[in-house]
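Here are the chains, one letter per residue:
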Amino acid sequence: MLRIRIVENAIAESYGEQEMRCPVHLSIGQEAAEAGACAALERRDYVLSGHRSHGHYLAKGGNLKAMMAEIYGKATGCAGGKGGSMHLVDLEAGFLGAAPIVGSTIPIAAGVAFATQMRNEDRVVMVFLGDGATETGVFYESVNFAALKHLPIVFLVENNFYSVYSPMNVRQKGVNRIVDIARAHGMEAHQADGNDLDIVYQLSRQAVTKARTGGGPSLLEFITYRWREHCGPGYDNDIGYRTEDEFFSWKERDPVVAYEKKLIANGVVGQHEMDLIARDLKQEVDAAIVYAKQSPWPDLNTLPSQVYAS
Amino acid sequence: MLRIRIVENAIAESYGEQEMRCPVHLSIGQEAAEAGACAALERRDYVLSGHRSHGHYLAKGGNLKAMMAEIYGKATGCAGGKGGSMHLVDLEAGFLGAAPIVGSTIPIAAGVAFATQMRNEDRVVMVFLGDGATETGVFYESVNFAALKHLPIVFLVENNFYSVYSPMNVRQKGVNRIVDIARAHGMEAHQADGNDLDIVYQLSRQAVTKARTGGGPSLLEFITYRWREHCGPGYDNDIGYRTEDEFFSWKERDPVVAYEKKLIANGVVGQHEMDLIARDLKQEVDAAIVYAKQSPWPDLNTLPSQVYAS
Amino acid sequence: MNRQLKFSEAIREATDQAMGRDPSVYIVGLGVPDPKGIFGTTLGLLEKYGTTRVQDMPLSENALTGVALGSALVGMRPIITHQRVDFALVAMEQMVNQAAKWHYMFGGKAKVPMVVRMIIGRGWGQGPQHSQSLQAWFAHIPGLKVVMPTTAYDAKGLLAAAIEDDNPVIFIEHRWLHNISDDVPEEYYTVPLGKARIMCEGSDVTIIGTSYMALESLRAAEYLRDAEVSAEVIDLRTIRPWDVETVLASVRKTGRLVVTDTATTAFGVSAEISATVLEREFDSMKAAPVRIALPDYPCPTSPALSNDFYPRARHIVFEVKKMMGQELVADMLEDPLGQRLDVPDSSFKGPF
Amino acid sequence: MNRQLKFSEAIREATDQAMGRDPSVYIVGLGVPDPKGIFGTTLGLLEKYGTTRVQDMPLSENALTGVALGSALVGMRPIITHQRVDFALVAMEQMVNQAAKWHYMFGGKAKVPMVVRMIIGRGWGQGPQHSQSLQAWFAHIPGLKVVMPTTAYDAKGLLAAAIEDDNPVIFIEHRWLHNISDDVPEEYYTVPLGKARIMCEGSDVTIIGTSYMALESLRAAEYLRDAEVSAEVIDLRTIRPWDVETVLASVRKTGRLVVTDTATTAFGVSAEISATVLEREFDSMKAAPVRIALPDYPCPTSPALSNDFYPRARHIVFEVKKMMGQELVADMLEDPLGQRLDVPDSSFKGPF
Ligand SMILES: Cc1ncc(C[n+]2csc(CCOP(=O)(O)OP(=O)(O)O)c2C)c(N)n1
Ligand SMILES: Cc1ncc(C[n+]2csc(CCOP(=O)(O)OP(=O)(O)O)c2C)c(N)n1
Ligand SMILES: [Mg+2]
Ligand SMILES: [Mg+2]
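1. A few points about the overall build of chain A
Across its full length, chain A holds eleven helices and eight strands. The C-alpha atoms of chain A give a radius of gyration of 19 Å, which matches the 19 Å a tight globule of 310 residues would have. Long-range contacts, defined here as pairs at least 24 residues apart, represent 73% of the contacts in chain A between residues at least 6 apart. About 10400 Å² of surface is accessible on chain A, with carbon and sulfur atoms providing 52% of the total.

Here it is as structure tokens:
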């Protein structure tokens, strides 16, 4: 969780250098939902995601250097430079891919779960999506299919109240719409505080265990908040789609700080230890950025290749 | 209701002559849901439908001769022969159109309701769909939109258990999935016996009144049964996707006969009067078929016209 | 070796044999296991391979395309069927943004071996929403392959090759071909994607046909023989990648080009072929190229209208004679037999 | 009359004026009323026309396209916007099966006056799923009209004409044009759909451009002037119906044809234009036609790769010189300034 925060902050800081020449969607503020959910998975399990995927990639154990290099458009990037920030992949880590057409990776994840089920493999699939994605036709179709086939999948919704700059009230109605949709299909569903790492982990653990033991799919909706602008490194409270008050009320509920405090209060770790961990992580991230910057550009002859597999 | 039955039977009888050169989807067995729902509407209200639309067209007051001529591909057809059975239209009757891509007229109907609302018109929109259509992404998207905008619309689902030859259990899960989906969006929804004309009418009347008085959308799911084959004039219980037992149990619950019996039992009408009505209707239908057969073919120069409106 | 099989049976046999050879092949689609079995092309598979590998689905074409894709990512080889290409319009996003690009956009890390079967047709009052032919759309998308077999032999071999292929392959079947028979070997074989078939050799004009239009082109070549015109008919078989070299070689010989297609002419497949040939073989050309495909409006339902909607052999003959400077009989475009243009040969057992 | 306006402002002004003139015009799209206002093109409309006529929407492009259609059936004139054409892939069914055919399939009983605005672009690391250009798809569909303005003047006039039109019009804007200014009258005016604009006259070669490629074509014509080649540049402006007569007249004069496009070359718009010209003006042609558009793979994200993905003026110059038999300098395709090909002029204020 802290690692995601540090990586995202580092991206935000370096973005201004104009060397990351692709859009980035940072998830600062939402780390608990991402880290907590992935902590419930095994390495062999699969994760898919959408446009805001750095946190999911890292939480699932994706290679940090390959991610940074990808954002920098380098040959050493996880997609050889062809994908960029919105197309991360790390097959060894079970991060099967992220793609930015909202909603589109949801059925793909269901298909992965379908294959897993057909082959009787001991793997669970988790797909991350936002509140906006729950308005796409393909989301509902996928929920119906997963329920029908009793697939080993967890639909992990991070509800951060916005789709770009559009608030919930211009997009959805119904008090518990998202979980109720899942339940209408006979699927177990829970809504909970997405900024509380322990709660996220517990619910995710339950859902993953259920899926693993043949109990079928679940949907989890975690309420959280994106701190930075929708796309890009800055803040955008000033442009008027949300209030500073709202922003600060969420900033006070910083999931990273909250968990740190909890760990320290419970005596699991001391403040100094925490600082050391943070320092090490920062060094790791800085090294990844250096690695990315120093990596070679992809060779021009890779441009027309990989259109077709053979 | 009886009229729909008689028309559909006449189509079934004449189809073998091979002069109706287009697919037909008959709704024999489902007439109560169609007649009862449309009876709750005013002429100025709008209806849209899908592939199985003869009953909706007639119940809304669509011109019978124009429909028959359309099925026969004649110039006097309601779409000038360009549409056929799957593309009925009668603007004067408020039947805005039917189209056979499953699910597709649902958002179009929502759009009609949206316009009605924007212009503050006193009109309600009713869109007919089947149980299969509730699996299309666009159905859910439309329900979400209608609930969000509080549109004056009624989603009228005729659940006849089959999508072509596919039964519910290979397509959907959840005990009351269809109504629960609507409710998840904060929309009022009811499931009821679609073969009982009075029940259908009452629920439809409530939903229409609600929509008309600013109460927003509703979804009504009526359970019913298609007697004939999915597409075409015959029976197809023999091919194996459903049992004769099932078929006969529904045939015993014939909505037309049931209502006739009720009327007679309640002394509203006598058996002889009923027979006279049936005879008149049969004559009307026969005349419409003669009209259709005698009508001229569309002129070849209409072939490339009407691609663009001007 | 001289076993006759219908096109639809050839499709079924290819599916059956591919499923028998490779446990990762499965088939899903609306009605796949139902008693009609997608015009007979999937009959018997359920009994043989069971409900896991032969599946019906909810009326959710978009999600199910994604599901097929997802399963392919982890090693399955799905076949997904659509009874009309029109229905697949709801699934364009998955096919075009996702399936076509997945291999490229992840730098070759993953692959998507899947086959999307779609059916196109002609007439029978199906009307505007059940009669489109959208191969040009798919062919425009790098990352997809597009196959349109004509003969039963090719149907079997190309479907087998499509299933073996590691990429998303759009497999388009013309309903009027389903009942046409030819020699189809019993054993498993593949026909390579991307290779055209010269259906008959000729020296005066090159006629390109695909799918059902290859048959009309062949018929035209017969009529033309009587008029002392030697036509070479090429069945493209694969639209993307198409066999440029075979076509260019033919045009170098004939100097004349007629391209037919089952779809709307404007912005269609025939434009690409014509443009490419003219770019590459301008100096070989003795006459302006001609395209023969559908007119620029939707297909009407009434037989009185759709009758004149579809081009047939005599339209090809007419254009070729014009191109050769031969005398044109004024009424040759009218059908002497009064046969309805929207009704297939008697070998066809409708309905669609 | 000499007021300068940016393309994006021209779009906004056309929308504003159309809404002011006709109460049935409304605009809906993801982010339409948000603070960024679709790259500035919808800013201020909410304040002026209120929340009923200027609407955001759920992330449901398919349904909302149907909603727009439905409202048009009963007399509204919706404009629906998509920030990328790629996002509109989920809405193909409504546009192609429904909106395009509604008028025809009901025998002219109803009409669908609606405008679908879509944005295309170039580069900036948008990658494979945010960079497609699908005008060929829409142009292949009878019943749709397809407009692609280049100048701010045309953007305003063509959008106004599209809104007035009684048919579904696909209106495609290139993001690199949004910040380019030219003379735009304040008063309301329309530019007729279906008419090309001769951007500069010439006698040696006809260069067809649309949208952003019309600007590259113009630049190419300037370079060519130095090489004593007189190029006529035609901006098609409308892709369907396109202005065949203006193009043919030009080719009759020049005998040479270069067609550029913002999309994948294969099976694209440029094929239709090339094929039509060769069919109709074969005898006028002095050289083989050439198409200059995108290569046959998706757009990669890394600037090191996308740099070489997009054709520019010098690629056009190169092809024209070759066609004219002029000497070719070996390295002319390389950029002397080392300017990145995926970055627009300084007039562009990104990001996409
Ligand atoms: C089909 C589609 N429509 C629109 C977009 C543009 N878009 C990118 S992200 C986004 C918002 C998604 O909101 P949500 O799912 O809540 O995720 P969040 O950004 O809040 O993490 C939109 C509309 C898109 N990428 N795909
Ligand atoms: C998008 C789409 N997919 C498939 C079809 C083929 N199809 C026509 S009717 C139908 C069944 C629809 O079932 P339902 O909605 O329950 O209506 P019913 O036929 O029972 O009245 C199907 C699958 C279609 N027309 N459109
Ligand atoms: Mg969100
Ligand atoms: Mg049904």
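2. Re the interface of chain C and chain D
Contact residues are listed per partner, giving 52 residues for chain C and 52 residues for chain D. With both chains or domains summed, chain C and chain D bury close to 4600 Å², and 65% of this area falls on carbon and sulfur atoms. One can count six salt bridges joining chain C with chain D. One salt bridge connects C:Arg291 with D:Glu272, and the closest N-O pair in it is separated by 2.8 Å. Seen at the junction of chain C and chain D, the total is 25 residue pairs in polar contact (both at pLDDT 80 or more). Going through the elements one at a time, α4 (92–99), α5 (102–105), α6 (135–139), β12 (238–240), β13 (257–264), α10 (269–281) and β14 (290–294) of chain C are the ones with two or more residues in the side of chain C that touches chain D. For the side of chain C that touches chain D, the element with the highest residue contribution is α10(C), accounting for eight residues. The residue makeup of the side of chain C that touches chain D, split by class, is 32 nonpolar, eleven polar and nine charged.

3. Examining the site of ligand 2
Taken together, 18 residues lie around ligand 2, and B:His51, B:Arg52, B:Gly132, B:Asn160 and C:Glu61 are the ones closest in. The residues that come close to ligand 2 belong to more than one chain, namely chains B and C. The contact in question runs from a nitrogen atom of ligand 2 to an N or O atom on the backbone of B:Val102, over 3.0 Å. Between ligand 2 and B:Asp131 there is a distance of 2.9 Å, counted from an oxygen atom to a side-chain nitrogen or oxygen. For ligand 2, whose unbound accessible area comes to 590 Å², protein coverage reaches 93%. Taken together, the residues of the shell around ligand 2 break down into nine nonpolar, six polar and three charged.

4. Points about the coordination of the magnesium ion (ligand 4)
Residue and element names in this part refer to chain B. Protein-derived ligands of the magnesium ion (ligand 4) are Asp-131 (OD), Asn-160 (OD1) and Tyr-162 (O), with the metal-ligand distances lying across 2.0 to 2.1 Å. We note that the donor set of the magnesium ion (ligand 4) lies within a single chain, spaced as D-x28-N-x1-Y. Within this pair, whereas Asp-131 is found in the loop between β3 (125–130) and α6 (137–149), its partner Asn-160 is found in the loop between β4 (153–159) and β5 (162–163), the two being separated by 29 residues in sequence. Each member of the pair, Asp-131 together with Asn-160, is buried.

5. Examining the coordination of the magnesium ion (ligand 3)
Residue and element names in this part refer to chain A. Surrounding the magnesium ion (ligand 3) are the protein donor atoms Asp-131 (OD), Asn-160 (OD1) and Tyr-162 (O), which sit 2.0 to 2.1 Å from the metal. Along the chain, the residues that donate to the magnesium ion (ligand 3) are spaced as D-x28-N-x1-Y. Like Tyr-162, Asn-160 is buried.

6. A few points about the sheet that holds strand β7 (residues 168–174) of chain C
Strand-to-strand pairing in sheets goes through backbone hydrogen bonds, with the strands running parallel or antiparallel. Residues and elements named next belong to chain C. Strand order in this open sheet of seven strands is β3-β2-β4-β5-β7-β6-β12, and the pairing throughout is mixed. Unpaired on one side and paired on the other, β3 (54–55) and β12 mark the two borders of the sheet. As judged from the seven bridges shared by strand β5 (residues 114–120) and β7, these two strands associate in the parallel manner. In the strand pairing of β7, Val-116 is matched with Ile-170. Contacting β2 (25–29), β4 (77–82) and β5, helix α3 (residues 61–73) crosses the sheet at an angle of about 165 degrees to β4.

7. So, the interface of chain A and chain D
How big an interface is tends to be expressed through the accessible area that disappears when the partners come together. Across the boundary between the two partners, chain A contributes 35 residues, which contact 29 residues of chain D. The contact between chain A and chain D buries some 2600 Å² in all, and 65% of this surface belongs to carbon and sulfur atoms. Across the contact surface, chain A and chain D share zero salt bridges. Across the contact surface, chain A and chain D share eight residue pairs in polar contact (both at pLDDT 80 or more). When grouped by side-chain class, the residues that make up the side of chain A that touches chain D number 18 nonpolar, twelve polar and five charged.

8. What about the relation of the copies chain C and chain D?
With an RMSD of 0.0 Å, the fit of chain C onto chain D corresponds to turning through 180 degrees and sliding 0.0 Å along the axis. In symmetry terms, the pair is related by a two-fold rotation axis. Interface overlap between copies is the fraction of interface residues in one copy that are interface residues in the other; for chain C against chain D it reaches 100%, indicating a shared surface.

9. Some details on the site of ligand 1
The immediate surroundings of ligand 1 are formed by 18 residues, with A:His51, A:Arg52, A:Pro100, A:Gly132 and D:Glu61 found nearest. Note that an oxygen atom of ligand 1 is positioned 2.7 Å from one of the side-chain N or O atoms of A:His51. At a separation of 2.5 Å, a nitrogen atom of ligand 1 approaches a polar side-chain atom of D:Glu61. Out of a free accessible area of 580 Å², ligand 1 has 93% covered by protein chains. Grouping the constituent residues of the shell around ligand 1 by class yields nine nonpolar, six polar and three charged.

10. Brief notes about the side chain of B:Ser85
All names here are of chain B. Within the secondary structure, Ser-85 sits in the loop between α4 (64–71) and β2 (95–98). For Ser-85, a relative accessible area of 1% translates into the label buried. There is a polar contact of 2.9 Å between the side chain of Ser-85 and the side chain of His-54.

11. Observations regarding the environment of D:Thr42
Residues and elements named next belong to chain D. The topology assignment puts Thr-42 in the loop between β2 (25–29) and α2 (45–53). On the basis of relative accessibility, which here comes to 2%, the residue Thr-42 falls in the buried class. When the C-alpha positions of Thr-42 and Val-259 are compared, they lie 33 Å apart, and in sequence the two are 217 residues distant. Contact partners of Thr-42, with chain neighbours within four places excluded, come to Arg-12, Ile-27, Val-32, Gly-37 and Arg-117.

12. Points about the packing of aromatic side chains
Per the counting criterion, the structure on display carries 37 aromatic pairs over all chains. Judged by centre distance (5.8 Å) and plane angle (80 degrees), the rings of B:Phe114 and D:Tyr26 are edge-to-face. With B:Phe114 in helix α5 (residues 105–118) and D:Tyr26 in strand β2, this pair bridges two chains. Centroid distance C:Phe309 to C:Tyr310: 4.9 Å. Interplanar angle 85 degrees. Geometry classified as edge-to-face.

13. What to know about the domain arrangement of chain C
Residue and element names in this part refer to chain C. The domains assigned to chain C are domain 1 (7–185) and domain 2 (197–323). A C-alpha centroid distance of 26 Å is found between domain 1 and domain 2. The interface of domain 1 with domain 2 comprises 33 residues on the first partner and 28 residues on the second. In total, domain 1 and domain 2 occlude about 2300 Å² of area from one another, counting both sides; carbon and sulfur atoms represent 58% of this. A per-residue breakdown of the area domain 1 buries against domain 2 is headed by Arg-122, Met-148 and Thr-150, which together make up 26% of the total. Counting across the interface, domain 1 meets domain 2 through two salt bridges. On inspection of domain 1 and its partner domain 2, the count reaches 14 residue pairs in polar contact (both at pLDDT 80 or more). Mapped by element, the contributors of at least two residues to the side of domain 1 that touches domain 2 are α6, β6 (145–147) and α7 (152–164). When residues of the side of domain 1 that touches domain 2 are assigned to their parent elements, the largest contribution, four residues, is made by α6. Split by residue class, the side of domain 1 that touches domain 2 holds 17 nonpolar, 13 polar and three charged.

14. Regarding the sheet that holds β2(D)
All names here are of chain D. Pairing in this open sheet of seven strands is mixed, and the strands run β3-β2-β4-β5-β7-β6-β12 from one edge to the other. With one partner strand each, in any of the chains shown, β3 (54–55) and β12 (238–240) form the two edges of the open sheet. Two elements, β2 and β3, share two bridges in a ladder whose sense is parallel. Within the sheet, the bridge partner assigned to Ile-27 lies in β3 and is Val-54. Its contacts with the sheet put helix α1 (residues 7–21) on β2, β3, β4 (77–82), β5 (114–120) and β7 (168–174), and the angle it makes with β2 is roughly 135 degrees. Lying over the sheet, helix α3 (residues 61–73) contacts β2, β4 and β5, oriented at roughly 165 degrees with respect to β4.

What counts and how
Residues numbered from 1 in each chain as written. Chains lettered and ligands numbered in written order. Predicted model: local features only at pLDDT ≥ 70, side-chain atom pairs only at ≥ 80, totals over all residues. Heavy atoms only, no water. Helix = DSSP H or I, 4+ residues; strand = E, 2+ residues; numbered from the N terminus. Rg over C-alpha atoms; globule rule 2.2 N^0.38 Å. Contact = heavy atoms within 4.5 Å. Areas by Shrake-Rupley, 256 points an atom, 1.4 Å probe, with all protein chains shown as cover. Buried area = accessible area lost by both parts, 1.4 Å probe. Salt bridge = Lys/Arg side-chain N within 4 Å of Asp/Glu carboxyl O. Polar contact = N/O pair within 3.5 Å; in protein donor to acceptor, adjacent residues only side chain to side chain. Nonpolar A, V, L, I, M, F, W, Y, C, P; charged D, E, K, R; others polar. Near = heavy atom within 4 Å. Donors = N, O, S within 2.8 Å, 3.2 Å for Na, K, Ca; no water. Buried < 20%, exposed > 50% of the residue type's maximum accessible area, 1.4 Å probe, protein only. Pairing = 2+ DSSP bridges. Axes fitted to C-alpha atoms, helices over the stretch in contact; angles between N-to-C directions. Least-squares fit on C-alpha atoms with pLDDT ≥ 70 in both. Phe/Tyr/Trp six-rings, centres within 6.5 Å; stacked < 30°, edge-to-face > 60°. Domains from an automatic or database assignment.

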